[in-house]
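Structural description and commentary
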Number of protein chains: 2
Amino acid sequence: MKVSREQVAIHRRRILDAASRLFRQKGFDAVGVDAVMKEAGMTHGGFYGHFASKEDLMARACAHGLALADDSWAAAAYPVAALAAAYLDQEHCDNPGDGCVLAALGADVSRQGKGVRHAFTAGFRERVDQLARLMPGHSRAAQRRRAIATWAGLVGSMVLARAVDDPALSREIQKAGVATFGEKPPDDRGRVRARRGRRAAAR
Amino acid sequence: MKVSREQVAIHRRRILDAASRLFRQKGFDAVGVDAVMKEAGMTHGGFYGHFASKEDLMARACAHGLALADDSWAAAAYPVAALAAAYLDQEHCDNPGDGCVLAALGADVSRQGKGVRHAFTAGFRERVDQLARLMPGHSRAAQRRRAIATWAGLVGSMVLARAVDDPALSREIQKAGVATFGEKPPDDRGRVRARRGRRAAAR
DNA sequence: TGTACATCAGTGAACGCGCGTTCACTGATGTAC
DNA sequence: TGTACATCAGTGAACGCGCGTTCACTGATGTAC
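One structure accompanies this document, and this report is about it. Just so we're clear, the structure is a prediction, and the values are computed from it rather than from any experiment. (Residues numbered from 1 in each chain as written. Chains lettered and ligands numbered in written order. Predicted model: local features only at pLDDT ≥ 70, side-chain atom pairs only at ≥ 80, totals over all residues. Heavy atoms only, no water.)

Remarks on the packing of helix α8 (residues 114-134) of chain A against helix α8 (residues 140-163) of chain B
To be explicit about the condition: Only the stretch in contact is used when fitting a helix axis, every axis being a line fitted to C-alpha atoms; angles between N-to-C directions are given from 0 to 180 degrees. Helix and strand assignments come from DSSP, with helices taken as H or I runs of at least 4 residues and strands as E runs of at least 2, each series counted from the N terminus. Orientation is classified from the angle alone, with under 35 degrees giving roughly parallel, over 145 giving roughly antiparallel, 65 to 115 giving roughly perpendicular, and any other angle giving oblique. Should any heavy atoms of two residues lie within 4.5 Å, those residues are considered in contact. Three residue categories are used. Nonpolar comprises Ala, Val, Leu, Ile, Met, Phe, Trp, Tyr, Cys and Pro, charged comprises Asp, Glu, Lys and Arg, and polar comprises the others, including Gly.
Between α8 of chain A and α8 of chain B, the shortest axis-to-axis distance is 9 Å and the interhelical angle comes to 125 degrees. The pairing of α8 of chain A with α8 of chain B is recorded here as oblique in orientation. Between α8 of chain A, through Arg 117, Phe 120, Thr 121 and Phe 124 of chain A, and α8 of chain B, the contact on the second element is made entirely by Leu 160, Arg 162 and Ala 163 of chain B. Residues belonging to the contact of α8 of chain A with α8 of chain B are distributed by class as follows: four nonpolar, one polar and two charged.

Written out as structure tokens, the structure reads:
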């Protein structure tokens, strides 16, 4: 039966929420259109009224999942440390369905089509820009380089922490990641000290 | 028809080679037993004479791919820099089928069964131990922490460099990774300098 | 504001297809004599 | 060393199943009057 226009929008969002969660949990290939629609509380036949194909859904679910990310770390006194600690958390490790798209679907995305990779790339760019703005460093280029490497470190740590079947090793990976990628870069600390020194001398 | 015992061993190895390559290229779910056997030059029916199930093959192909890794970087003057440069290479990025299992299958492994995760974990442990031995650092614990974080950084960089659809951004990720994870840790340089200074003073 | 009807979102059966796995068969291997 | 035959690795057809996608149908929505 027909439903109201608001109901259609609600249904579409429910499909995106379900797809985004299931894809992150099990990967693109292991989740069928049927499972997504069931999780969204509907039957599979109505799917093609909302999306052109499963691939279309994959791209839009990617973008949806990347748009809804947790930003609270950005307000911390030292955002990079806050991000690393929040990211490499046991709960995040145990719940990929509610977690970062980069870590959960990065490897899957590289094997997918144009639309999926484009959505993923746009989301990644936003993350890098956001982190680069908050990254201590002397130049824009260095901030950006550090932001990219920090995201790579966090994503790699999470991928490995999830893959490994020994909980102690998994926790070790998380802790190593927090310590390494969350700490103030030592040579930067040096530069900050030098700058402060120069500023103090100028007074 | 029956074949000789040596031929059986050769066939088994060919199946493992094919499976290991195809799984890294396309992921576990996207590669069927049929495709693996065809790539190995046989028909699919004979598969179950070699392996108990597809899951069995996945675990053994994982171990097989991890066992055949390139070690040449370990002989370099500064192994960590050599590893990072060799790992975050355009050719490695473009050819996951012949590349590192950690980056190609890490995310997939976390969704698989006990056998696959165990094989992956064993391979990862070996990598960490090998790199930790060659890692500059003051303590075993620090060497190990750095080795884990370095592998995480390399794996994350490769996953993201492959996922992204803009070649320029992909190369930027690779370069940021080489610069960050391949460089001598700055605080370690500090310690080395301090130690050298102490040693020079003692003379 | 109330009525009549065209629209169309969601349902559930159906499709062709490829998957993992099984099995009767074949014929070269390797062993017993 | 030569022969006869049991073994068994690989073949290809077949299985049940779940996938992505299509479609005739249903009945509430929303519009034209």
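Focus: the protein's contact with DNA strand C
This is how the line gets drawn: Only a single heavy atom is needed: when it lies within 4 Å of a molecule or strand, its residue is near that molecule or strand. As used in this structure description, the phrase polar contact means that two N or O atoms lie within 3.5 Å; if the pair is within protein, one of them must be able to donate a hydrogen and the other to accept it, and residues adjacent in sequence are counted only when both atoms belong to side chains.
Close contacts around DNA strand C come from 24 residues, with His 11, Thr 43, Gly 46 and His 50 of chain A together with Tyr 48 of chain B the closest. In this structure, a phosphate oxygen belonging to DNA strand C sits 2.4 Å away from a side-chain N or O atom of Tyr 48 of chain B. Separating a phosphate oxygen of DNA strand C from a side-chain N or O atom of Lys 54 of chain B is a distance of 2.8 Å. When grouped by side-chain class, the residues that make up the surface near DNA strand C number nine nonpolar, eleven polar and four charged.

Remarks on the relation of the copies chain A and chain B
Short version of the rule: Least squares is the method for superposing the copies, and the C-alpha atoms it fits come from residues with pLDDT of at least 70 in both.
Rotating chain A by 180 degrees about the axis while translating it 0.0 Å along that axis superimposes it on chain B, leaving an RMSD of 0.0 Å. Taken together, the turn and the small shift mark the pair as related by a two-fold rotation axis. Comparing contact sets, 100% of the residues at the interface of chain A also lie at the interface in chain B, consistent with an isologous, same-surface contact.

Things to note about helix α7 (residues 114-134) of chain B
Under the convention used in this document: Expected helix span is computed as 1.5 Å times (number of residues minus one). Relative accessibility decides the category of a residue: with a 1.4 Å probe and only protein chains considered, values under 20% of the type maximum give buried, values over 50% give exposed, and everything between is partly exposed.
Over its 21 residues, α7 of chain B extends 31 Å from the first C-alpha to the last, a length consistent with the 30 Å expected when each residue adds 1.5 Å. Every buried residue of α7 of chain B is listed here: Val 116, Ala 119, Phe 120, Thr 121, Gly 123, Phe 124, Arg 127, Val 128, Gln 130, Leu 131 and Ala 132 of chain B. Contacts from the buried residues of α7 of chain B go to α9 (140-163) and α10 (167-181) of chain A together with α3 (54-67), α4 (79-87), α6 (101-109) and α8 of chain B.

Some thoughts on the interface of chain A and chain B
The following threshold applies: Take the accessible area each of two parts loses on contact, using a 1.4 Å probe, and add the two losses: that sum is the buried area. Within this document, salt bridges are pairs made up of a side-chain nitrogen of Lys or Arg and a carboxyl oxygen of Asp or Glu, the two lying within 4 Å of each other.
Each partner contributes residues to the interface: chain A has 49 residues there, and chain B has 49 residues. For the pair chain A and chain B, the summed buried surface comes to about 3900 Å²; carbon and sulfur atoms form 64% of the total. Of all residues in chain A, Arg 111, Leu 160 and Asp 165 of chain A give up the largest surface area on contact with chain B, accounting jointly for 16% of the area buried on that side. Taken together, chain A and chain B are joined by six salt bridges. Residue Asp 108 of chain B is joined to Arg 111 of chain A by a salt bridge in which the shortest nitrogen-to-oxygen separation is 3.3 Å. Run the count over chain A and chain B and you get 18 residue pairs in polar contact (both at pLDDT 80 or more).

Looking at the protein's contact with DNA strand D
Of all residues adjacent to DNA strand D, which total 24 residues, the nearest are Val 33 and Tyr 48 of chain A together with His 11, Thr 43 and His 50 of chain B. In DNA strand D, atoms within 4 Å of the protein come 62% from sugar and phosphate. Measuring from a phosphate oxygen of DNA strand D, one finds a backbone N or O atom of Val 33 of chain A at 2.8 Å. In the environment of DNA strand D, a base nitrogen lies 2.9 Å from a nitrogen or oxygen atom belonging to the side chain of His 44 of chain B.

Some details on the side chain of Arg 24 of chain A
Residues and elements named next belong to chain A. In plain terms, the rule: Counting rule applied: Lys, Arg positive; Asp, Glu negative; His and chain ends not counted.
With respect to the helices and strands, Arg 24 occurs in helix α1 (residues 5-26). Of the buried charged residues, Arg 24 lacks a salt bridge, with Asp 98 as the closest side chain of opposite charge at 5.9 Å. Of the polar contacts made by the side chain of Arg 24, one reaches the backbone oxygen of Gly 97; its length is 3.3 Å.

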